[in-house]
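Summary of the model geometry
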Amino acid sequence: MISERRLAILNLIIEHYLQTGEPMGSKTLCQLLPYSVSSATVRNEMAYLSELGFLEQRHTSAGRVPSKASYRYYVDSLMVPDELSDYNKKLISEALSVNSGDPERLLSDAAKLLAQYTHCIGFCCAIEDPLDCIQGVDLIPAGNSKAMLVMLTAGNKIKSSLINIACPIDDDFRFLFYEVMNRLFIGTPLTEVNLSLVQRSVLIAKERVFDLLPILTSLCSLCNEASHSKLMLENETNILSHDELGNDVYKLLSFLADKEKLIEFSKQFAKTNARRSMFIGDENPLYEMKNTSTVISKFIYGNNQCATLGMIGSTRIDYKKIIPCVEYIFNTVDTLLSKGGTK
């Protein structure tokens, strides 16, 4: 059992270090405590907290700094979260409502807001769905022998591509285009849209298959893109201002540059029963993130589509300010995704 005085000392040391990055000595603590206590008593209490694993002393003559374990205790038991202002709530809600009908863009906007408001790295990952299929395809003339190909999947993914068309996009061509789409592509799983399917279009288009070829090739590319998990990182350079990471910051940036591990982390989290989690320090399942605090949330939307959204910072982040902001962004995204489809 930790006494009230020890909790007060631990809370002061943690909050001082989160704000300044500097250790705190017994004399400073004596001045900040709301009651009179000697430096010797404070040193004894700090030694006890060190034995519990909550404090560290990096140099013999230096003050104490929080351990990674103390941050978890702080977040769970000591922290009094700041209240997010109505003004910031309004700004966040308005920013997220812009692309509320497009889940991938909504998640991307949310990752940018996480980076902006936390001064950490924001990320989002749309998890691949092997059952996702083409729901609709449209061809929009764009002038100068160009057209915009737009594809919508059953999982509410919207992909588009600007392509060159050699022939006029007249009524006959559009009729042929929609006939090929309806007979071969609509309802087809994204993973099954390939060269073999394109070759089958010859039976429908006959000699005009060469006019359709740029469209079909582009559609294959869009399906391939939409069928894989997609990770987006926002403001990786924010982490450069987290001085406590030291030279490890470059190792972290190198790790993030290879997105596959973070994609796999998102996939594994999506398989768990947890809806939201915060990993502090050694709680992180990936070795490269052991010096970070990572907050991640899972979202299920549309036709059982899944995505993750989160932020990555050092362990010395302003938890009481950041956590309410992150939660508000998560809750707003959850609400907007719910309105877009069946959960």
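Further up the page is the structure itself.
A few words on the sheet that holds strand 7 (residues 230–234). To summarise the sheet geometry, strands pair through backbone hydrogen bonds and adopt either a parallel or an antiparallel arrangement. Pairing in this open sheet of 5 strands is antiparallel, and the strands run 7-3-10-9-8 from one edge to the other. With partners counted over all chains shown, the strands left at the sheet margins are strand 7 and strand 8 (276–280), one partner each. Each strand of the sheet is rotated relative to its neighbour by a mean of 15°, with strand direction disregarded. Note: strand 9 (residues 292–301) against strand 10 (residues 305–314), 10 bridges, orientation antiparallel. Bridge pairing in strand 10 links Ser297 to Leu309. Strands strand 8, strand 9 and strand 10 of the sheet are contacted by helix 13 (residues 319–339), whose axis makes an angle of about 15° with strand 9.

The contact between helix 1 (residues 4–20) and helix 3 (residues 39–51) brings their axes to 10 Å, and the two run at 80°. By the angle between their directions, the pair helix 1 and helix 3 is classed as roughly perpendicular. Between helix 1 and helix 3, the contacting residues are Arg5, Arg6, Ile9, Leu10 and Ile13 on the first element and Thr41, Val42, Glu45, Met46, Tyr48 and Leu49 on the second. Considered class by class, the residues forming the contact of helix 1 with helix 3 number 7 nonpolar, 1 polar and 3 charged.

Attention now moves to the pairing of strand 10. The side chains of a regular strand alternate between the sheet's two faces. For strand 10, the buried fraction is high: 10 of the 10 residues fall into the buried class. Of the strand pairs in this sheet, strand 3 (residues 121–126) and strand 10 are connected by 6 bridges, and their pairing is antiparallel. Looking at strand 10, one finds that Cys124 is bridged to Leu309. The loop that links strand 9 with its antiparallel partner strand 10 comprises 3 residues; one of these, Gly302, has a positive phi angle of about 55°.

The final tally for this structure, using the stated rule, is 16 salt bridges. Between Glu179 and Arg183 there is a salt bridge, with the nearest N and O atoms lying 3.1 Å from each other. You can see Glu179 and its partner Arg183 sitting in helix 7 (residues 171–185), 4 residues apart, about one turn around the helix. Overall, Glu179 belongs to the partly exposed group, its relative accessible area being 25%. The exposure class of Arg183 is exposed, given its relative accessible area of 54%. One salt bridge in this structure joins Glu244 and Arg316, with 3.2 Å as the shortest N-O distance. In this pair, Glu244 sits in the loop between strand 7 and helix 11 (248–257) while Arg316 sits in the loop between strand 10 and helix 13, placing the two residues 72 residues apart along the sequence.

The rules behind the values
- Residues numbered from 1 in each chain as written.
- Predicted model: local features only at pLDDT ≥ 70, side-chain atom pairs only at ≥ 80, totals over all residues.
- Heavy atoms only, no water.
- Pairing = 2+ DSSP bridges.
- Helix = DSSP H or I, 4+ residues; strand = E, 2+ residues; numbered from the N terminus.
- Axes fitted to C-alpha atoms, helices over the stretch in contact; angles between N-to-C directions.
- Contact = heavy atoms within 4.5 Å.
- Parallel < 35°, antiparallel > 145°, perpendicular 65-115°, else oblique.
- Nonpolar A, V, L, I, M, F, W, Y, C, P; charged D, E, K, R; others polar.
- Buried < 20%, exposed > 50% of the residue type's maximum accessible area, 1.4 Å probe, protein only.
- Salt bridge = Lys/Arg side-chain N within 4 Å of Asp/Glu carboxyl O.

In short, the description is geometric, and any link to function would need to be established separately.
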